[in-house]
Amino acid sequence: MLASGSAHKLAEFRRVFDGSHVSLTSPLDLGCQCDVAETGETFAENARLKAVAYARACRRWTLADDSGLEIDALNGAPGVRSSRFAGPTATDDDRNARLLELLYEIPDVRRTARYRCAVAVADPQGAIAFQTEATVEGAIGHAPRGDGGFGYDPLFVVGPGDTTMAELPGVAKDVISHRGQGGRAARVFLERVMRGRQP
């Protein structure tokens, strides 16, 4: 089970697990709700909090991630507050607009950034069985571009060209993205675990 109610995250992780004998479901599909306060000071701490809480509530192997954007010119912000950076009710557009305001006079050479993702897997009793972290380096553009992805993807420029994450097809994004990397590592672990559980 993916410890998230986000349809965007579920779609991304399901692409990563495509072709696997391990399938991902959501808490909504199971009728199992869980409210987790993300009080950790790191992505890894928050991923563990979510994995443990959802696993105990739903009694399933649970994959959780916590991810966000770190901008060097902002001393690593928004970091673990990425989803709350522009306020608790802000939309993706609000958060992107706020970043552009803060970086308005910052030259390209100082607009370096990275996406970071921490993944944790808990067993049905809530014990952490696997953890990993992944990053993808990039830079912050000057205007949103692309209609794919979500979050800060329209501003996050990757690769040798000038392509934003939101301009990449989903499968191409998964190859390089922080969540794709973390998800593939979790897939390898879970496939090994589930093979061992098969008669």
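Below is a summary of the structure that appears in this document. Treat the numbers as computed from the prediction; the structure is a model and nothing was measured.

On to the pattern of salt bridges, then. Across all of its chains, the model carries 19 salt bridges by this definition. Here Glu38 makes a salt bridge to Lys50, at a shortest N to O gap of 3.7 Å. Linking Glu38 in the loop between helix 2 (27-30) and helix 3 (43-58) with Lys50 in helix 3, this pair joins segments that are twelve residues apart in sequence. Between Asp153 and Lys173 there is a salt bridge, and its shortest N-O distance comes to 2.5 Å. With a gap of 20 residues between them, Asp153 in the loop between strand 3 (128-140) and strand 4 (156-158) and Lys173 in helix 5 (residues 170-176) connect regions that are remote in the sequence. A single network of salt bridges, built from pairs that share partners, joins Lys9, Glu12, Asp65, Asp153, Lys173 and Arg179.

This paragraph deals with helix 4 (residues 92-102). Those residues of helix 4 lying buried are Arg95, Asn96, Leu99 and Leu100. The buried residues of helix 4 all sit within an arc of 135° when viewed along its axis, so they share a single face. Exposed residues on helix 4 whose side chains face more than 90 degrees from its buried face are Asp93 and Glu101. The elements touched by buried residues of helix 4 are strand 1 (62-71).

What follows is about unusual backbone geometry. With an omega of 0°, the peptide bond running from Ala77 to Pro78 counts as cis. With respect to the helices and strands, the residue Pro78 is situated in the loop between strand 1 and helix 4. For Arg59, which is not glycine, the phi torsion reads 55° and is therefore positive. Inspection of the secondary structure puts Arg59 in the loop between helix 3 and strand 1. For Arg59, a relative accessible area of 54% gives the class exposed.

About the cut-offs
- Residues numbered from 1 in each chain as written.
- Predicted model: local features only at pLDDT ≥ 70, side-chain atom pairs only at ≥ 80, totals over all residues.
- Heavy atoms only, no water.
- Salt bridge = Lys/Arg side-chain N within 4 Å of Asp/Glu carboxyl O.
- Helix = DSSP H or I, 4+ residues; strand = E, 2+ residues; numbered from the N terminus.
- Buried < 20%, exposed > 50% of the residue type's maximum accessible area, 1.4 Å probe, protein only.
- Arc of directions from axis to C-beta.
- Contact = heavy atoms within 4.5 Å.

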